Amino acid sequence: MLKVCIIGCGGIGTYHLGHLVEYGDLITLDGFCDLIPEKAEGFAAKTGSGKAFTDYRVMLDEIVPDAVFVCVPPNCHGAIEDDLIRRRIPFFVEKPLSVDLAQAREIGRRVEEAGLITAVGFQCRYDMLAAPVRAFVRNNEVIYINCTRFGGVPDMPWWRVKSMSGGQLAEQTIHQLDYIRYAYGEPETVFSMAARGYIKEFENYDTDDVSVTVVRFRSGALATIATGCYALSGEAFDSKTTYSTRKKRLDMYLLDRADIYGEAPGEETSAVGDLVVKGDGSLSAANGGAISVKHTGDPGLLCDRTFLEAVVSGDGSKIRSPYADALKTLEFAMACNKSMDTGLPVRVGE
Ligand SMILES: NC(=O)c1ccc[n+]([C@@H]2O[C@H](COP(=O)([O-])OP(=O)(O)OC[C@H]3O[C@@H](n4cnc5c(N)ncnc54)[C@H](O)[C@@H]3O)[C@@H](O)[C@H]2O)c1
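Given the structure is predicted, the values throughout are model-derived calculations rather than measurements.

### A closer look at the domain arrangement of the protein
The domain architecture assigned to the protein consists of domain 1 (2-124) and domain 2 (125-299). A separation of 28 Å is found between the C-alpha centroids of domain 1 and domain 2. In this assembly, 12 residues from domain 1 lie in contact with 18 residues from domain 2. Where domain 1 abuts domain 2, roughly 1300 Å² becomes buried across the two surfaces, and 60% of that area is made up of carbon and sulfur atoms.

### Digging into the environment of Ser98
Note on placement: Ser98 falls in the loop between β5 (91-93) and α5 (101-114). The spacing of Ser98 and Ser165 is 67 residues in sequence and 8.6 Å in space, taken between C-alpha atoms. When near neighbours in sequence (up to four residues on either side) are disregarded, Ser98 contacts Pro74, His77, Gln103, Ala104, Leu330 and Met334. One polar contact links the side chain of Ser98 to the main-chain amide nitrogen of Asp100, over a distance of 2.9 Å. Within polar-contact distance, the side chain of Ser98 engages the side chain of Gln103 at 2.6 Å.

### So, the site of the ligand
Close to the ligand lie 25 residues; Ile12, Asp34, Lys39, Gln123 and Glu171 are nearest. Within the contact set of the ligand, a nitrogen atom lies 2.9 Å away from a side-chain nitrogen or oxygen of Glu94. In the model, an oxygen atom of the ligand is placed 2.4 Å from a nitrogen or oxygen of the Glu171 side chain. For the ligand, whose unbound accessible area comes to 840 Å², protein coverage reaches 85%. Judged by its atoms lying within 2 Å of the grid points, the ligand is housed in the largest pocket. Broken down by class, the residue content of the shell around the ligand amounts to 14 nonpolar, 6 polar and 5 charged. Each of two domains, domain 1 (2-124) and domain 2 (125-299), supplies a minimum of three residues to the shell around the ligand.

Cut-off values and rules
- Residues numbered from 1 in each chain as written.
- Predicted model: local features only at pLDDT ≥ 70, side-chain atom pairs only at ≥ 80, totals over all residues.
- Heavy atoms only, no water.
- Domains from an automatic or database assignment.
- Contact = heavy atoms within 4.5 Å.
- Buried area = accessible area lost by both parts, 1.4 Å probe.
- Helix = DSSP H or I, 4+ residues; strand = E, 2+ residues; numbered from the N terminus.
- Polar contact = N/O pair within 3.5 Å; in protein donor to acceptor, adjacent residues only side chain to side chain.
- Near = heavy atom within 4 Å.
- Areas by Shrake-Rupley, 256 points an atom, 1.4 Å probe, with all protein chains shown as cover.
- 1 Å grid on protein atoms, 1.4 Å probe; cavity = no way out; pocket = protein on both sides within 12 Å on 5 of 7 lines; lining within 4 Å.
- Sits in = over half its atoms within 2 Å of the grid points.
- Nonpolar A, V, L, I, M, F, W, Y, C, P; charged D, E, K, R; others polar.

As structure tokens, this is what we get:
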């Protein structure tokens, strides 16, 4: 049995805890740490196992865990990973890896050097749409991608300060950036613009209300990515990613469905052929002739389980988002932020 600890017992820590309690065949939950004692104590009370801590170093010394989930805000990374690497403890860390790209690069270098198993909270890569979307992209020449993500301002105070969260694009829309990398390929250059001044209801609000990014991929194809946190209702904008080819397109609604236009339902399509849908998914003709692939369930369950099984076996090859790969997604997001600041196109990874 792996001894597992959680650092950061807030919103996403609670999400992971909900998965980890299902894995009694593989792990024991031994320690929970949060700067706010009641949060860690709440985790211990919920599980009926494990001890609450306010200092993660004390927890690591006392428990000596086999794996740790790091669920702290974007500006709280650095020292925690440093301690985990020194102690050679495999870790799962939430996105974005940091608000400081140089810091994340250094952590990434040391993770590689130590040969440590890591995973990052890009759980969407484990959804039921990944296989058909990747097959569509593999078998059709994508020329243009259009990605939109719109929503409101989350409750956490740190989220509203760009130096703490990285801003909406780096904190939230990074899921879409990561999925586009996973499904399609690597970005080469970005040019982003942002606007502020529409959201007036928060005193400490200091981030972009909306941003638009133009991307050129290494393949030569282009994308536009628009994201905003000004929306007060779902009527304000429709969030989706379209992969467009000369004759077909695929519209993906994250964690919901992918609609493929231009492929007849009866046709032996590459996308459908690659689809792995068990009892809880479905495939049907819908939306005026589009083939609709449904996602159901929580991909985070598989995401967390894959990491834990990798720690047990010592083989990290099934982890879809190890630290080194997530670092590339952070470089993508931070290039956009740099472009917003400078007003100039930025090459990703520089
Ligand atoms: N993968 C996803 O879909 C997803 C969803 C939500 C949030 N997140 C990410 O998870 C991270 C945390 O978000 P959240 O919503 O849980 O925030 P949160 O504010 O609800 O919780 C973070 C917790 O970390 C604690 N913390 C901070 N520094 C600490 C330290 N050194 N030691 C112990 N505890 C510490 C805080 O006290 C807080 O309770 C963010 O990076 C966010 O982007 C990911």
